[in-house]
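# An overview of the molecular structure
Below are the chains, spelled out letter by letter.
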Amino acid sequence: MNHRNTAAFFRVEGILLSRGVLAASAYIAANAKKFGERALRLGLVALAAPVHGLLGQTDRALAHRIVHLAFRGISEDRVAILAEEYAEDILKGKLLDQGVELMKRARDEGRRVVLLSDGISAIMEPFARHLKHHDELICNHLEFRDGEATGKLLEPIIGGASGGRWLRQYAAEHDIDLAQCSAYGSHGPDMLLLSAVGRPCAVNPDFVLRRSARDADWPIIEYHD
């Protein structure tokens, strides 16, 4: 199979990692420099958690925006240090071997392996250095102004309902035939991503994606961390 015109797209959260943006934001907040600042930022994450859960199936992009408000005012250097620590000390040990095997299988088939993550680049890029069998990481980026995080994510926001549109644009730019591509998702909003390729697969799906996968007769893979 031609590596240039076929690809496999993997949602990191749920397939390679069991942890998501809430856990990452809580770690950053809990390691703020001052006690009062830690309490305030953890409070923001705690308030964002139920909202993130409610919006996760309908407006995942907005959910991610809300969670990252806890980063506002943290210096760019501090974010970089804490993000590297989180990637090295936490995420590296949470890698799901079964997900790695799926990536390896896709690479062995000659496919371009693209990882899609809800997480921010400061965390996901150090984490991705520990992965093999992938060609590209697409993730979210935190906005900084005057050396401090604004708490905003830069557009486009990965993980939202625009996944299918983003995928078609990516395919056009890289001369990829989506009918020959595969995609692996875990959450309801991944339906648009999966429905855009010829070989969709639901992995450890939530209730919404499981129901949709069964209705569409998509393969379902389940494993545990």
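For clarity, every value in this text was computed on a predicted model and none was experimentally measured.

The six strands are arranged β3-β2-β1-β6-β7-β8 in an open sheet whose pairing can be described as parallel. On the outer flanks of this sheet lie β3 (136–140) and β8 (220–221), each paired with one strand and no other.

At a closest axis distance of 8 Å, the pairing of helix α4 (residues 76–90) and helix α6 (residues 121–128) adopts a crossing angle of 40°. Classed by the angle they form, the pair α4 and α6 counts as oblique. Between α4 and α6 the crossing geometry is right-handed. On the side of α4, the interface is formed by V79, A83, E84, Y86, A87 and E88, while α6 contributes A122, I123, P126 and F127. For the contact of α4 with α6, the residue count by class is eight nonpolar, no polar and two charged.

Judged from the four bridges that link them, strand β2 (residues 112–120) and β3 form a sheet pairing that is parallel. In the sheet register, L115 faces β3, and the bridge partner there is L137. Between β2 and its parallel partner β3, the chain crosses via α6, and the hand of that crossover is right-handed.

Let us now look at the packing of helix α1 (residues 21–30) against α4. As a packed pair, α1 and α4 sit with axes 10 Å apart at the nearest point and diverge in direction by 120°. If you check the angle between α1 and α4, you find them oblique. Relative to α4, the crossing made by α1 is right-handed. Only L82, A83, E85, Y86 and I90 of α4 make contact with α1, whose side of the interface consists of A23, A24, Y27 and I28.

Rules used throughout
- Residues numbered from 1 in each chain as written.
- Predicted model: local features only at pLDDT ≥ 70, side-chain atom pairs only at ≥ 80, totals over all residues.
- Heavy atoms only, no water.
- Pairing = 2+ DSSP bridges.
- Helix = DSSP H or I, 4+ residues; strand = E, 2+ residues; numbered from the N terminus.
- Axes fitted to C-alpha atoms, helices over the stretch in contact; angles between N-to-C directions.
- Parallel < 35°, antiparallel > 145°, perpendicular 65-115°, else oblique.
- Left-handed = near helix turned anticlockwise from the far one by under 90°.
- Contact = heavy atoms within 4.5 Å.
- Nonpolar A, V, L, I, M, F, W, Y, C, P; charged D, E, K, R; others polar.
- Right-handed = clockwise from strand over helix to strand, strands pointing away.

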